[in-house]
Amino acid sequence: MSTAPVKLAVVSAGLSEPSSTRLLADRLAAAASRGLETAGREPQVQHVELRDLATEIAQNFVTGFAGRELKQALDDVAEAEGLIAVTPVFSASYSGLFKSFFDVMENTALTGKPVLMGATGGTPRHSLVLEHALRPLFSYLRAVVVPTAVYAATDDWGSVDDGLTPSLPGRIERAGAELARLTQACSPAVAVAEPEATAEDEEAVGEQAPHLKVVAQAPSGDPYEDVVPFAQQLAALRPEE
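Residues numbered from 1 in each chain as written. Predicted model: local features only at pLDDT ≥ 70, side-chain atom pairs only at ≥ 80, totals over all residues. Heavy atoms only, no water.

## Notes on the side chain of Thr183
Moving on, step 1. Here Thr183 is to be found in helix α6 (residues 168-186).
Moving on, step 2. Reaching out from Thr183, the side chain makes a polar contact with the backbone oxygen of Ala180 at a distance of 2.9 Å.
Moving on, step 3. Residues within four places of Thr183 in sequence aside, it is in contact with Val6, Leu8, Leu36, Glu81, Gly82 and Pro114. (Helix = DSSP H or I, 4+ residues; strand = E, 2+ residues; numbered from the N terminus. Polar contact = N/O pair within 3.5 Å; in protein donor to acceptor, adjacent residues only side chain to side chain. Contact = heavy atoms within 4.5 Å.)

Encoded structure:
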């Protein structure tokens, strides 16, 4: 009996290197991994850096075909049990590169998949981008969106928990724990290879526990021969005169 690893895909759309977007994505992935490890599951994290795929994403729009690296990234996201998606905020919404990646993805790839959303920006005033832009996007793609989304403004990186408003580390831990719980519920816990029963095994079972022995019977006759005609059923519903 072996525990199957839980695959997490981490998509970040930061344009600089290093970027606060990638930093937030890494911390969310680490928090989700800790949640899985606490539950006895092995996390398997695959990072997708969109800045490296910008050219292939643009070519995909023109040609209709994904390049090798873009195809691999799309497959990694589709095959993952959980997704972490983080974008910088441009003009009060997600970046064009972030949206373009999900535009070239099959529209069923995220169906039923747990998704943890994150965004970064220079001011806290853009924090609602998570609710008015990202959450509708992933809801349209029929993903299971984690309740806690994480927005990180510039000032948040040095913030501390004041007892009233959760600090950035506190929000990251809570969101990661929520994603871990959802991915566990949506992924197989154990991969077990069932051995094929031999004739000797069936004979032994029959001798030791004859009441458990099941004799296979072939279907006999017309499977619809006992069906009551619809007219007869209607006649039975008529009130007596």
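So much for the structure itself; the text now carries on.
## Re the packing of aromatic side chains
Moving on, step 1. Throughout the structure, instances matching the rule amount to five aromatic pairs.
Moving on, step 2. An angle of 85 degrees between the planes, with centres 6.3 Å apart, marks the rings of Phe98 and Phe138 as edge-to-face. Of this pair, Phe98 sits in helix α4 (residues 96-103) while Phe138 sits in helix α5 (residues 129-140), placing them 40 residues apart in sequence. Across the pair, exposure class does not vary: Phe98 and Phe138 are buried alike.
Moving on, step 3. Members of the aromatic cluster, joined through ring pairs, are Tyr94, Phe98, Phe101, Phe102 and Phe138. (Phe/Tyr/Trp six-rings, centres within 6.5 Å; stacked < 30°, edge-to-face > 60°. Buried < 20%, exposed > 50% of the residue type's maximum accessible area, 1.4 Å probe, protein only.)

## Quick look at the confidence of the model for the chain
Moving on, step 1. Looking at the chain as a whole, its pLDDT mean stands at 85, while 74% of the residues score no less than 70.
Moving on, step 2. Here residues 190-195 is modelled with pLDDT under 50, and outside its nearest four sequence neighbours on either side it reaches three contacts, counting other chains as well.
Moving on, step 3. Segment residues 208-216 is flagged for pLDDT under 50; beyond a separation of four residues in sequence, or across chains, it makes two contacts in the model. (pLDDT = per-residue confidence, 0-100.)

## Description of the packing of α4 against α5
Two numbers describe a pair of packed helices, the interaxial angle and the distance between the axes.
Moving on, step 1. Where α4 contacts α5, the two axes come as close as 12 Å, and the packing angle between them is 5 degrees. Classed by the angle they form, the pair α4 and α5 counts as roughly parallel. Where α4 abuts α5, its residues Phe98, Lys99 and Phe102 lie against Leu134, Leu137 and Phe138. (Axes fitted to C-alpha atoms, helices over the stretch in contact; angles between N-to-C directions. Parallel < 35°, antiparallel > 145°, perpendicular 65-115°, else oblique.)

## A word on the pairing of strand β4 (residues 82-90)
Residues in a regular strand point their side chains to alternate faces of the sheet.
Moving on, step 1. With eight of its nine residues buried, β4 lies for the most part within the structure.
Moving on, step 2. With five bridges connecting them, strand β2 (residues 6-12) and β4 associate as parallel partners. Looking at the pairing, Ser12 lines up with Val86 of β4.
Moving on, step 3. Relative to strand β6 (residues 114-121), β4 runs parallel, the two being bridged by six bridges. What sits directly across from Val86, in β6, is Gly118.
Moving on, step 4. Both β4 and strand β5 (residues 93-94) contribute to a ladder of two bridges, which runs antiparallel. When the bridges of β5 are listed, Val89 appears paired with Tyr94. (Pairing = 2+ DSSP bridges.)

## Thoughts on the pattern of salt bridges
Moving on, step 1. According to the stated counting rule, one finds nine salt bridges in the structure shown.
Moving on, step 2. Glu17 is the salt-bridge partner of Arg51, the closest N and O atoms lying 3.2 Å from each other. One end of the pair, Arg51, is in the loop between β3 (43-49) and α2 (54-63); the other, Glu17, is in the loop between β2 and α1 (20-38), with 34 residues separating them in the sequence.
Moving on, step 3. With a relative accessible area of 32%, Arg51 lands in the partly exposed category.
Moving on, step 4. A residue is classified by how much of its surface remains accessible, and Glu17, at 67% relative accessible area, is exposed.
Moving on, step 5. The residue Asp103 makes a salt bridge to Lys99 at a minimum N-O spacing of 2.7 Å. Of the two residues, Asp103 and Lys99 both sit in helix α4, four residues apart, roughly one turn of that helix. (Salt bridge = Lys/Arg side-chain N within 4 Å of Asp/Glu carboxyl O.)

## As for the environment of Ala32
Moving on, step 1. In this fold, Ala32 is placed in helix α1.
Moving on, step 2. Between the C-alpha atoms of Ala32 and Ile172, which are 140 residues apart in sequence, the distance is 8.9 Å.
Moving on, step 3. Those residues in contact with Ala32 that sit more than four places away from it in its chain are Leu8, Ile84, Gly176, Leu179 and Ala180.

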